[in-house]
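Structural overview
Each chain, letter by letter, is given below.
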Amino acid sequence: MRQTIGRSVLVVALAAGLVPVGVASSASAAVQKPAFGPLGYGNLKLGMTAAKARATRRIVRKPDGDSARCTTYDLKESPYNEYRVGMYISKKLGVVVIVAPPGARTPKGIGIGSSSAQLKAAYPNLRRGPGGYPAATVPGNRKAYYLFNESKGEVVEMSLVLTKQDCLRVD
């Protein structure tokens, strides 16, 4: 509730010319989610060890998808049901997969709900990745790729994946 009141006051102050535009930009940027990529999502980075990832206090254990090589987690901000996980951490390679939470966007503006046309415009060199899903190289990180899941002409899920990983089968 306090944020809503703060935003209303900011809008009124802007309209009255009481707040410099630079301050308004900073205030609205504070409520935006961090970019999804190229190196990770906020302070969660690809390759980060499990201990460092846990130290961010942004993840919660989810043992449903564990294997001998990898442990699974969810982002606290968007936990999944029992059949899905939000992050894979390899015991050898660190964080290897981060699944985007709702509202997250790539630096090119693609997120859950983006149309297939928007996806193709942002990433014209899409290829078929693991499972036949659209995949794109990550600008600014040649060691990773985006994996998108589309349904009915829109992006319904996206992940940031380390190219060399040992957690998921890539058929």
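I will try to describe carefully the structure that is included in this document. (Residues numbered from 1 in each chain as written. Predicted model: local features only at pLDDT ≥ 70, side-chain atom pairs only at ≥ 80, totals over all residues. Heavy atoms only, no water.)

Right, let's talk about the sheet that holds strand β4 (residues 70-75) for a bit. Strand order in the open sheet made by the eight strands is β3-β4-β5-β6-β10-β9-β8-β7, with antiparallel pairing throughout. What marks the edges here is a single partner per strand, and that holds for β3 (59-61) and β7 (127-128). The pairing of strand β9 (residues 141-151) with strand β10 (residues 154-162) spans eight bridges and is classified as antiparallel. Across the sheet, the residue bridging to Ser151 is Glu154, located in β10. (Pairing = 2+ DSSP bridges. Helix = DSSP H or I, 4+ residues; strand = E, 2+ residues; numbered from the N terminus.)

Mapped onto the fold, Ser116 is located in helix α4 (residues 116-122). The exposure class assigned to Ser116 is buried, which follows from its relative accessible area of 14%. A distance of 2.6 Å separates a polar atom in the side chain of Ser116 from a polar atom in the side chain of Glu150. When residues no more than four places from it in sequence are discounted, the contact partners of Ser116 are Glu150, Gly153 and Glu154. (Buried < 20%, exposed > 50% of the residue type's maximum accessible area, 1.4 Å probe, protein only. Polar contact = N/O pair within 3.5 Å; in protein donor to acceptor, adjacent residues only side chain to side chain. Contact = heavy atoms within 4.5 Å.)

In the segment running from Gly37 into Pro38, the intervening peptide bond is cis, with an omega of 5°. If you check the backbone angles, Arg57 has positive phi at about 65° while not being a glycine. In this structure, Lys152 takes a positive phi of about 50° despite not being glycine. Within the secondary structure layout, Lys152 lies in the loop between β9 and β10. Its relative accessible area of 86% is what places Lys152 among the exposed residues.

Counted according to the given criterion, the structure contains five salt bridges. Each of the salt bridges in this network shares a partner with another, and the network as a whole consists of Lys33, Arg58 and Glu77. (Salt bridge = Lys/Arg side-chain N within 4 Å of Asp/Glu carboxyl O.)

Attention now moves to the state of the cysteines. The full count for this structure, using the stated rule, is one disulfide. Here Cys70 engages in a disulfide with Cys167; their sulfurs sit 1.9 Å apart. A torsion of -95° about the S-S bond marks the disulfide between Cys70 and Cys167 as left-handed. Taken together, the residues span a long stretch of sequence, with Cys70 in strand β4 and Cys167 in the segment after β10 at a distance of 97 residues. The pair formed by Cys70 and Cys167 is uniform in burial state, with each residue classed as buried. (Disulfide = S-S within 2.5 Å.)

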